[in-house]
Amino acid sequence: MKHKRQLVFVCSGSDCKKSGGKEIRKDLKEALKTAPLKGNFKLIQTKCLDMCKSAPLVIFEDHFFKKASSEEVIQKVKKALKIQGPN
Ligand code: FES
């Protein structure tokens, strides 16, 4: 049986870190560790994605969250899980 995990990319470049990326990564890490998200997603830290004016930047499902907030990203991740169902 193949276990498929969706990827959530969080920029950890200096501008994104300064603009709240560090907190977003921490919040996401915590949210992805708990049910029902646990095991269905993988958090990936990236280097600067060259979109610093939109910092903090998160990418999930081909969607760029510019000036992202933890709440909107977590909400989108939860919605994606509901649509696809847990693996
Ligand atoms: S630091 Fe995140 S896009 Fe440049």
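Everything that follows concerns the structure shown earlier in this document.
Residues numbered from 1 in each chain as written. Predicted model: local features only at pLDDT ≥ 70, side-chain atom pairs only at ≥ 80, totals over all residues.

The next point concerns helix H1 (residues 14-33). Residues spaced three or four apart along an α-helix point in a common direction, a consequence of the helix completing one turn every 3.6 residues. The sharpest bend along H1 reaches about 75° and sits at Gly20. Turning to H1, its buried residues number three or more, namely Cys16, Gly21, Ile24, Arg25 and Leu28. (Bend = angle between axes of the 7 residues up to and from the residue. Helix = DSSP H or I, 4+ residues; strand = E, 2+ residues; numbered from the N terminus. Buried ≥ 20, exposed ≤ 12 C-beta atoms within 10 Å, placed from the backbone.)

Reading across the sheet, the 4 strands line up as S2-S1-S3-S4 and stay open at both edges, with mixed pairing between neighbours. Strands with a single pairing partner mark the edges of an open sheet, and in this sheet they are strand S2 (41-46) and strand S4 (63-65). This sheet shows a mean twist of 20° between the axes of neighbouring strands, independent of strand direction. In this structure, strand S1 (residues 6-11) lies alongside strand S3 (residues 58-60), joined through 3 bridges in antiparallel fashion. Opposite Val10, over in S3, you have Val58 as the bridge partner. (Pairing = 2+ DSSP bridges. Axes fitted to C-alpha atoms, helices over the stretch in contact; angles between N-to-C directions.)

A word on the pairing of S2. Of all 6 residues in S2, 0 are buried, a share of ten percent or less. The β-α-β motif built from S1, the intervening H1 and the parallel element S2 has right-handed crossover chirality. (Right-handed = clockwise from strand over helix to strand, strands pointing away.)

Core analysis: the largest hydrophobic core is formed by 12 residues, namely Val8, Val10, Cys11, Cys16, Ile24, Leu28, Ala55, Leu57, Val58, Ala68, Val73 and Val77. Sorting the residues of this core by element identifies S1, H1 and helix H2 (70-84) as the ones contributing at least two each. Ignoring anything within four residues of it in the chain, the contact list for Val8 reads Leu28, Phe41, Leu43, Ile44, Val58, Phe60 and Val77. (Core = buried A, V, L, I, M, F, W, Y, C linked by C-beta atoms within 7 Å. Contact = placed C-beta atoms within 7 Å.)

It is worth spelling out the pairing of S1 at this point. Bridging between S1 and S2 involves 6 bridges; their strand directions are parallel. The residue bridging Val10 from the neighbouring strand is Gln45, located in S2.

With that settled, consider the environment of His63. Among the structural elements, His63 can be located in strand S4. Sequence separation of His63 and Lys76 is 13 residues, and the distance between their C-alpha atoms is 10.0 Å.

This part is about unusual backbone geometry. A cis amide bond, omega 0°, links Ala35 with the succeeding residue Pro36. For Pro36, the position within the fold is in the loop between H1 and S2. A cis amide bond, omega -5°, links Ala55 with the succeeding residue Pro56. Following the sequence through the fold, Pro56 ends up in the loop between S2 and S3. The phi torsion at Glu61 lies on the positive side, around 50°, for a residue other than glycine. Summarising the element assignment, Glu61 is placed in the loop between S3 and S4. Classification of Glu61 as exposed rests on a count of 11 C-beta atoms within 10 Å. Look at Asp62: it is not a glycine, yet its phi comes out positive at around 60°. Position of Asp62 among the secondary structure elements: in the loop between S3 and S4.

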